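Analysis of the macromolecular model
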Amino acid sequence: MYHPINLPDCPALNTFNELIRLLLAFGLEQTSSQPETEMEPLFEQYFTHHGFSEAGSWFWGKPVAVRQPLLKLLALPVAEKVGILAAFAADIDLAGRFADGRFQVSDFPADDAALALAGEIVQNCYTRILAADGVPAKVLGMDAPLDRQAVLRAYLDAQNRRRDANGNSSPLKVCPGCDSRPPSVSDNKIHEDLDHFFPKSRYPLLAVHLLNLTPLCKDCNQTYKGSKDAIADNDAQVTDVHCLHDIFHPYLRPAQPEVAVNVCRLADGQPHIVVEPRQNDAQQTARLHSLLYTLNVNGRWDGDLIEERLRPKLEMLLLHGWQDDGQVDEEKLRDGLATAVATLNRFIGREPGNVTALAYARWLAGDGQGQREWVQVMRTAVMR
Ligand SMILES: [Zn+2]
């Protein structure tokens, strides 16, 4: 989660979450073991009463996704369901939870039967509805239907409206997780993964939440992040991350202003990418540990990156205008590096790989040994 991203404008998703809240309220605030045939009209009337005349019959027609777990939830005594709806309502205010550091649903025992059923319903609303056929426009009472593509589209539109700190247009054209290529679009279809920042297997009540859905490249989502939990993961070698204060979040707390990407020459004599907190305090360090655990960007950006990607990128920037006289010396290299640093800085987030290329160019500008090596690289390149 390196780059700050704009919050998508997706009112249909917010409406779908309101429908889900009504679903949960229906199952949590009463107890009933009436037969399905008697329950169906009550269910439909409930949604009509709350302004969604089409939603009841539509939800009822999703037996595996909604009806079966809802009937089980309804059958539990109200006394066993107290507090769950309030905790759900509190936790979908993610900004509020980031302010006080913890989710209210974590107060319930992990084996709470009612909570498990509520979670199953919300998770199904993602996997069996949003990621499948979507929600028809008439169910939402809106002009357009809602599906996964609509969420991706809203995200891309929002990133195209992004502005930099000076208010200038600065559309995000990279994966926010790893600074690589942005989603590809073909046949009017967006090809990208929709990552659940808080994994839906562990935080099912947040499965359809806009602030919990971030498009990430397949490499980030499938190879690295998967179902890792940024806050509390038994698999993590991260021991200093305890609550929401200790993590970054793509929308609410982007890493970019707080994290520095640098290059250092390590003991093997080679330059390496290192990701460091800008302020060396315990909380910033914990946040960085959580980020590196979930996305492993330091490992992915290092390795063969300098030889395979940073050298060619920098070579291309430096070569511009150099081939006229064929002369290359360290002074000319330093001038070229200053221009390259300014160019890369301006296009951070707008071209893939600029975060690491900028770190490398900055480091090279201050490293005499690196410059002497580079003069040789550039003499060879100019002669080509
Ligand atoms: Zn990525």
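None of the values given here were measured: they were computed from a predicted structure.

**Some words on the coordination of the zinc ion**
- Within the protein, the atoms that donate to the zinc ion are Cys 175 (SG), Cys 178 (SG), Cys 217 (SG) and Cys 220 (SG), at distances of 2.2 to 2.3 Å.
- Taken together, the four donor atoms surrounding the zinc ion define angles of 102 to 113° at the centre, an arrangement classified as tetrahedral.
- Counting residues between consecutive donors of the zinc ion along the chain gives the motif C-x2-C-x38-C-x2-C. Of this pair, Cys 178 sits in the loop between helix 9 (148-160) and strand 1 (184-186) while Cys 220 sits in helix 10 (residues 218-225), placing them 42 residues apart in sequence.

**Description of the packing of helix 14 (residues 330-346) against helix 15 (residues 354-365)**
- Packing of helix 14 against helix 15 leaves a shortest axis separation of 9 Å and a crossing angle of 155°. What the angle tells us is that helix 14 and helix 15 run roughly antiparallel. As for the relative orientation of helix 14 and helix 15, their crossing is left-handed in sense. Between helix 14 and helix 15, the residues in contact are Leu 337, Val 341, Leu 344 and Asn 345 and Asn 354, Ala 357, Leu 358, Ala 361, Arg 362, Leu 364 and Ala 365, respectively.
- Its residues assigned to classes, the contact of helix 14 with helix 15 shows eight nonpolar, two polar and one charged.

**Some remarks on the packing of aromatic side chains**
- Under the definition given, this model contains 15 aromatic pairs.
- A ring pair is formed by Phe 103 and Tyr 203, whose centres lie 5.7 Å apart and whose planes are at 55°; its orientation type is tilted. Residue Phe 103 is found in the loop between helix 6 (94-100) and helix 7 (113-130), and its partner Tyr 203 is found in the loop between strand 3 (193-196) and strand 4 (213-216); the two are separated by 100 residues along the sequence.
- Cluster of aromatic residues (ring-pair linked, three or more members): Phe 26, Phe 43, Tyr 46, Phe 47, Trp 58, Phe 59 and Trp 60.
- The ring of Tyr 293 has Lys 228 sitting right over it, with the charged end atom 5.0 Å from the ring centre.

Reading guide: rules and limits
Residues numbered from 1 in each chain as written. Predicted model: local features only at pLDDT ≥ 70, side-chain atom pairs only at ≥ 80, totals over all residues. Heavy atoms only, no water. Donors = N, O, S within 2.8 Å, 3.2 Å for Na, K, Ca; no water. Tetrahedral: all angles 85-135°; square planar, octahedral: opposite > 155°, others 65-115°. Helix = DSSP H or I, 4+ residues; strand = E, 2+ residues; numbered from the N terminus. Axes fitted to C-alpha atoms, helices over the stretch in contact; angles between N-to-C directions. Parallel < 35°, antiparallel > 145°, perpendicular 65-115°, else oblique. Left-handed = near helix turned anticlockwise from the far one by under 90°. Contact = heavy atoms within 4.5 Å. Nonpolar A, V, L, I, M, F, W, Y, C, P; charged D, E, K, R; others polar. Phe/Tyr/Trp six-rings, centres within 6.5 Å; stacked < 30°, edge-to-face > 60°. Lys NZ or Arg CZ within 6 Å of the ring centre and 35° of its normal.

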